[in-house]
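Inside the fold
Each chain, letter by letter, is given below.
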Amino acid sequence: FREKTGLELIIEDQTNAQPVKPVSAQEWQMEQNKAFEVIQQAFDDKPHRLYKKGLKHDASGPYIELSFITPEVGELYNNLMVELEEKTRWAIKVNPNPNQNEVIKLARRLLGSRGLYTKKNPSFFLLEKEVRAVPLEQWDQELFEDAGQEFQKQTGYMLISE
């Protein structure tokens, strides 16, 4: 596996593992579908889209995970999530993984709407929190900077021209 992918594959022995119980609301918590509805309504008028809501479980117990285009966008709503935790009695966490496909689609859409076209799909760089695009031809720098500012507002990431 390492030779073909460059990644290490770890297989854990699960023979003595306890079965995972389905996540469900405790008596003090709002019923999960109602909690999802309350959360969705709270985000309906926000400038950033809430992509997904899901029940998760970790060492600290069950929680509701909210997925945004990037976790940086989710962090913008920390105060709202605290209010929603109080209202629903569910712990709420932001998905730590960005939606790479949506980030790249947004970059292409913002560039294309300004007549800025790329040689290939923009490249996503997670650790750098940036997307790099190679111009098809010389770009108008002012239009590119405008696209980059909008991209940064919508993702928290930088749009870079290579």
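You'll find the structure just up there.
The shown structure was predicted, so the numbers you read here are calculated from the model rather than taken from an experiment.

Here is what the cut-offs are and how they apply
Residues numbered from 1 in each chain as written. Predicted model: local features only at pLDDT ≥ 70, side-chain atom pairs only at ≥ 80, totals over all residues. Heavy atoms only, no water. Phe/Tyr/Trp six-rings, centres within 6.5 Å; stacked < 30°, edge-to-face > 60°. Buried < 20%, exposed > 50% of the residue type's maximum accessible area, 1.4 Å probe, protein only. Lys NZ or Arg CZ within 6 Å of the ring centre and 35° of its normal. Helix = DSSP H or I, 4+ residues; strand = E, 2+ residues; numbered from the N terminus. Expected span 1.5 Å × (residues − 1). Arc of directions from axis to C-beta. Polar contact = N/O pair within 3.5 Å; in protein donor to acceptor, adjacent residues only side chain to side chain.

Let us look at the packing of aromatic side chains. Tallied over the full model, the rule gives five aromatic pairs. Pairing Trp139 with Phe144 gives two aromatic rings, centres 5.0 Å apart and planes at 20°, and the pair type is stacked. Side by side, Trp139 and Phe144 carry an identical accessibility label, which is buried. Here a set of aromatic residues connected by ring pairs shows up, and it is made of Phe43, Phe68 and Tyr77. Over the ring of Tyr63 we find Lys93; its NZ or CZ atom is 4.4 Å from the centre of that ring. For Arg132, the ring lying beneath its charged end belongs to Phe125, and the centroid distance is 3.7 Å.

The phi angle at Arg89 is positive, at roughly 70°, despite the residue not being glycine. By the element assignment, Arg89 lies in the loop between helix H4 (78–88) and strand E3 (92–94).

Now for helix H2 (residues 32–43). Between the first and last C-alpha of H2 there are 17 Å, a value that for 12 residues agrees with the 16 Å anticipated at 1.5 Å per step. Residues Ala35, Phe36, Val38, Ile39, Ala42 and Phe43 constitute the buried set of H2. Looking straight down H2, one finds that the buried residues subtend no more than 165° of arc, so they occupy a single side. One side-chain oxygen of the residue at the start of H2 lies 3.2 Å from the amide nitrogen of Asn33, identifying that residue as Glu31.

Interpretation in functional terms is not warranted from these geometric data alone.
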